[in-house]
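Coordinate inspection notes
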Amino acid sequence: MKPAATVPKPEAISSRLTEGYRPLAGTSDEMIGADGLIRPAWRPLMDQLDRLPAAEIDARFARADRHLRDAGVYYRAYGDSGSDTREWPLAHVPLVIAEAEWNTIAAGLAQRADLLEEVIADIYGKNTLVSEGLLPPQLVAASPEYLRPMVGYPPHDHYLHFLAFDLGRGPDDRWWVLGDRTQAPSGAGFALENRVATGRALPDLPVTMNVHRLAGFFRDLRNALFELADRANGGGVALLTPGQRNETYFEHAYIARYLGLTLLEGADLTIVDGRVMVRTVGGPRPISVLWRRLDAAFLDPLELNPESRIGTPGLADAVRRNAAAIVNAIGSGILETRALLAFLPGICARLTGAPLALPHTATWWCGQEAARDFVVKRLDRMILGPAYATAPPFDDNRTSVLPAELDAAGRERLLAQLSAVGGQYAAQESVTLSTMPFYVDGRLEPRPVTLRAFAMRTGSGWKIMPGGFARVGATSDTSAIGMQAGGRAADVWIVGDGVPVEQVTLLPADDDVRDAKLVTALPSRAADNLFWIGRYIERAEGITRILRAYHGRLAENPANPVLPDIGVALHEVGVDESQPIPAALLWSIDAAFNSAGRIRDRFSVDGWLALADLSKTAHRFAGQVSAGDDAAAAMTVLLRKVAGFAGLAHENMYQAAGWRFLEIGRHLERSLEMCRLTASFAAPDASAEMLDLLVEVGDSVMTRRSRYKVNSGRLATIELLALDEANPRSILFQLAELKTQVALIPGRDARGTSNPAARETLRLYTQLAIAEPKDVLPDFLSGMVEAIAGLSDLIDATYFR
């Protein structure tokens, strides 16, 4: 064992980076203690940064940002005009906390987690807290998160399994709880990405500073979820997401992939004979544990929120029958009620005989006359907000207000609101948050900070993540600390006390042969999206090839007689050739990108970045290129990027059912494209130039030169692009691949008979394989187009619906 590291003594502010750093008046600072000295836990970090030239610090922090961009880490920001994705804003300097201090915090959070479990069990059970006067009945009954269909039905195991707590350090240097997150806590995945990115900038410090690793927490979390599944009905474990429009969807996909969980949406689930099942391409498969990341009311439109379009009808009833465990239980969002904080100290004393080890901000519920009068007398020291998740807004549609900042008229309106609907509001003492160093323009500035900590239930009790996710203010204003308000995220380092921390990973030990009940079958929604990614990308490639041929000829001779025929072919697929970068091309590329976004857990980072690059390049060209040579050159660039993505998918993607559906989509779309083009450009009266155009668009120029005479005619062209099974651009090649791939995916009935999609693929392949070039006329090809489109519908009905 390594000798225990000596803990450095507090030192004065003397380094280049910190010499101008001063805590704000009346606040605590995470780096500078009350004695005005750098806290011992921070000294190694500051010493390391102080030894680096400013240019090197900038380069290291840029390396962290580049990792986040390359990994595709983002969050979704909402505004008046809708929402858009933003790059993850990392605050490069981590929040450092000494292990001894963290242990005190962790013990307080574990006590709080146990208390919250008892509270929710009572609210949905015996209701002794209400009957004994510890909770006002109207506070519970009026809460939109009090879900009456779940009253009286205890969960299979516990109500709470995974929690988050927002913490802040007050001016007295103590940590306070700012809020409990029990509904669908977010941020754990971002905490992990923050750690990886910060490690790119400061690779040696986590080891030399003895920083606790996060992998052990996630390993135990994964084990706890699968053990919960074993105690339920032995089915799979899945993470349930609202979908890609959610602000933290990246995290959902990231955590699911990291822990080996299946990422599902409400439409992926169905209730069969009282059991919760996943719709997969091989039929329904059971699920035992759903780690939900959407609000409980949206889980079931039949019994909860009838407006929900992201839930599963019948799920609430299945959960009441203990058909599946929900993490956290349906209805646990009531614990996030801000006004509940006013009563937790008394409840804690009654249930445990002890005070809260980790206090929270003093809170008063304005639905009680005495509390409301107390708040009115001390308005200037309060901040008012909704008692529940929502409440009638204050002036300017604000959901919270500082009365001290109001003018006389605003104060009167506030008092009238409290008098009329006081029960909708809670008041809290105004919080002065601590600050931490934020690196900007080569120096450190103090910025307000909050910490989100995470807790999970294990067989031996609650385990607290040794770290978390810090929010750092964009300015010194505490109102700009949230991500939606421009705040930044920082890693959290828990620094060991000298004993080397355990070097934990998620890799199993050699003797770990426990059967993890993963749902390995491909969900139908994922297969559907992969199928359409293949179709959209192939459609984009086909459009790009025709456009390159069009603009190349336009540049050579604007009066070229084949240009109108190319325009007709483009119109048939909805493309306006007068636009150098047509809207239909951008739509196809963006549709592939959006479909990939719906299955981020199944998509490689390289594949995602390739699609993102393709989309950005196409949109950039749309505002820059002109018709002719310029557009033809742009098409060549786009073709290379399309080919790059196709190569990544073919070479790097695991060739199971998901890859097969991607390939099926590509080959089906290419067969449709080649049927249409051959019918248009190789009609019986086609000119030699039209035949040359078809061979060029079919990317078979070199093949024709090696196999046929230079002036080969129409029948040779049809043989090459329709009937040559060795040509990867021919129609027959596409049907052969479709036949092979469809036969390898699930879909046989109980008698072992192939499904209708497989039979139709075989029929189409055989019909074309026995055809002679002279038989492949426009009417024949039009019939093939109709039949292949019907095959797409059969695949949809067989596997996706």
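**Thoughts on the overall build of the protein chain**
- A tally of helices and strands in the protein chain yields 25 helices and 19 strands.
- A compact globule built from 801 residues should have a C-alpha radius of gyration of about 28 Å, and the protein chain, at 31 Å, falls within 12% of that.
- Taking the principal axes of the C-alpha coordinates as reference, the protein chain spans close to 95 × 65 × 65 Å.
- Within the protein chain, the fraction of its 801 residues that count as buried is 55%.
- Surface exposure of the protein chain reaches about 33200 Å², of which carbon and sulfur atoms provide 52%.
- One way to put it: in the protein chain the 83 positive side-chain charges average out to a point 2 Å from where the 97 negative ones average out.

**A look at empty space enclosed by the protein**
- Tallied over the full model, the rule gives four cavities of 30 Å³ or more.
- Reported here for the largest cavity is a volume of approximately 160 Å³.
- Those elements that place two or more of their residues in the lining of the largest cavity are α10 (315-320) and β11 (325-327).

**Comments concerning the packing of helix α14 (residues 524-556) against helix α25 (residues 778-800)**
- Contact geometry for α14 and α25: axes closest at 9 Å, N-to-C directions at 155°. The orientation of α14 with respect to α25, classified from their angle, is roughly antiparallel. Facing α14, whose interface residues are Ser524, Ala527, Asp528, Phe531 and Arg535, α25 presents Ser792, Ile795, Tyr799 and Phe800.
- Taken together, the residues of the contact of α14 with α25 break down into five nonpolar, two polar and two charged.

**Section: the packing of aromatic side chains**
- This model, assessed by the stated rule, comprises 24 aromatic pairs.
- Ring geometry for Phe531 against Phe800: centres 5.6 Å apart, planes inclined by 55°, an arrangement best described as tilted. Note that Phe531 is positioned in helix α14 and Phe800 in helix α25, a separation of 269 residues in sequence. For the pair formed by Phe531 and Phe800, the shared burial category is buried.
- Lying across the ring of Tyr153, Arg320 places its NZ or CZ 5.5 Å from the centre.
- Taking NZ or CZ as reference, Arg600 lies 3.9 Å from the ring centre of Trp608, over its face.

**What about the pattern of salt bridges?**
- All chains considered together, the criterion is met by 40 salt bridges.
- Where Arg174 meets Asp172, a salt bridge forms, and the shortest distance between an N and an O atom there is 3.2 Å.
- Arg174 gets classed as partly exposed once you look at its relative accessible area, which sits at 44%.
- Taken together, the shared-partner salt bridges connect Glu538, Glu541, Arg545, Glu663, Arg666, Arg670, Asp699 and Arg729 into one network.

**Digging into the confidence of the model for the protein chain**
- When pLDDT is averaged across the protein chain, the result is 90; 93% of the residues are at 70 or more.
- In this model residues 510-519 is a low-confidence stretch, pLDDT under 50, and it forms 16 contacts with partners more than four residues away in sequence or in other chains.

**Digging into helix α19 (residues 657-681)**
- For α19, spanning 25 residues, the distance from its first C-alpha to its last is 36 Å, which sits close to the expected 36 Å at 1.5 Å a residue.
- Most of α19 is tucked away: 23 of the 25 residues are buried.

**Quick look at a positive patch on the surface**
- A grouping of Arg63, Arg66, Arg69 and Lys616 is seen on the molecular surface, where their side chains present a positively charged patch.
- Among the elements that make up the positive patch, the one with the highest residue count is helix α2 (residues 54-70) (three residues).
- As for its placement among the helices and strands, Arg66 is situated in helix α2.
- Owing to a relative accessible area of 40%, Arg66 belongs among the partly exposed residues under this scheme.

**Notes on the pairing of strand β17 (residues 461-464)**
- The sheet contact formed by strand β16 (residues 443-458) and β17 spans four bridges and is antiparallel. Across the sheet, the residue bridging to Arg457 is Trp462, located in β17.

**So, the sheet that holds strand β12 (residues 363-365)**
- Pairing within the open sheet is antiparallel, and its three strands lie in the order β12-β14-β13. Only two strands of the sheet have a single neighbouring strand rather than two, namely β12 and β13 (382-386). This sheet shows a mean twist of 25° between the axes of neighbouring strands, independent of strand direction.
- Judged from the five bridges that link them, β13 and strand β14 (residues 425-429) form a sheet pairing that is antiparallel. Residue Leu384 lies in a different strand from β14, and its bridge partner there is Ala427.
- Of the strands in this sheet, β12, β13 and β14 are in contact with helix α12 (residues 369-377), which crosses β12 at around 125°.

**Here we look at the side chain of Ser700**
- Assignment of secondary structure puts Ser700 in the loop between α20 (688-697) and α21 (701-707).
- A distance of 2.9 Å separates a polar side-chain atom of Ser700 from the backbone oxygen of Gly698.
- Setting aside residues no more than four positions away along its own chain, Ser700 makes contact with Val695, Leu720, Leu721, Asn727 and Arg729.

**Some details on unusual backbone geometry**
- Here the bond from Val327 into Asn328 is cis, since omega is -5°, no more than 30 degrees from zero.
- You can see Asn328 is positioned in the loop between β11 and α11 (344-352).
- At Asp273, a position not held by glycine, the phi torsion is positive, near 50°.
- As for its position among the elements, Asp273 is in the loop between β8 (269-272) and β9 (275-278).
- The class for Asp273 is exposed, based on a relative accessible area of 78%.
- Phi at Asn322 is positive, roughly 60°, even though this residue is not glycine.
- Looking at where Asn322 falls in the secondary structure, it is placed in the loop between α10 and β11.

**Things to note about the packing of α14 against α20**
- It is the contact of α14 with α20, at a shortest axis distance of 9 Å, that shows an interaxial angle of 135°. With respect to each other, α14 and α20 are oriented oblique. In terms of crossing hand, the pair formed by α14 and α20 is right-handed. In this structure, α14 uses Arg545, Ile546, Ala549 and Arg553 to contact α20, whose residues at the interface are Glu689, Leu693, Glu696 and Val697.
- Tallied by class, the residues present in the contact of α14 with α20 amount to four nonpolar, no polar and four charged.

**As for the side chain of Arg169**
- The residue Arg169 is located in strand β4 (residues 162-169) in this model.
- For Arg169, the side chain forms a polar contact with the side chain of Glu101, separated by 2.8 Å.
- A polar contact is formed between the side chain of Arg169 and the backbone oxygen of Asp173, at a distance of 3.1 Å.
- Setting aside residues up to four positions removed in sequence, Arg169 forms contacts with Ser28, Glu30, Arg39, Glu101, Arg174, Trp175, Thr432, Leu433 and Ser434.

**Notes on α14**
- Taking 1.5 Å as the rise per residue, α14 with 33 residues should run 48 Å; its terminal C-alpha atoms sit 48 Å apart, in good agreement.
- Burial within α14 is extensive, with 26 of its 33 residues counted as buried.

Scoring rules and cut-offs
Residues numbered from 1 in each chain as written. Predicted model: local features only at pLDDT ≥ 70, side-chain atom pairs only at ≥ 80, totals over all residues. Heavy atoms only, no water. Helix = DSSP H or I, 4+ residues; strand = E, 2+ residues; numbered from the N terminus. Rg over C-alpha atoms; globule rule 2.2 N^0.38 Å. Buried < 20%, exposed > 50% of the residue type's maximum accessible area, 1.4 Å probe, protein only. Areas by Shrake-Rupley, 256 points an atom, 1.4 Å probe, with all protein chains shown as cover. Lys, Arg positive; Asp, Glu negative; His and termini not counted. Charge placed at Lys NZ, Arg CZ, Asp CG, Glu CD. 1 Å grid on protein atoms, 1.4 Å probe; cavity = no way out; pocket = protein on both sides within 12 Å on 5 of 7 lines; lining within 4 Å. Points joined across faces, edges and corners; volume = space filled by probe spheres on them. Axes fitted to C-alpha atoms, helices over the stretch in contact; angles between N-to-C directions. Parallel < 35°, antiparallel > 145°, perpendicular 65-115°, else oblique. Contact = heavy atoms within 4.5 Å. Nonpolar A, V, L, I, M, F, W, Y, C, P; charged D, E, K, R; others polar. Phe/Tyr/Trp six-rings, centres within 6.5 Å; stacked < 30°, edge-to-face > 60°. Lys NZ or Arg CZ within 6 Å of the ring centre and 35° of its normal. Salt bridge = Lys/Arg side-chain N within 4 Å of Asp/Glu carboxyl O. pLDDT = per-residue confidence, 0-100. Expected span 1.5 Å × (residues − 1). Patch = residues over 30% accessible without salt bridge, like charges linked within 9 Å, V, L, I, M, F, W, Y side chains within 5 Å. Pairing = 2+ DSSP bridges. Polar contact = N/O pair within 3.5 Å; in protein donor to acceptor, adjacent residues only side chain to side chain. Left-handed = near helix turned anticlockwise from the far one by under 90°.

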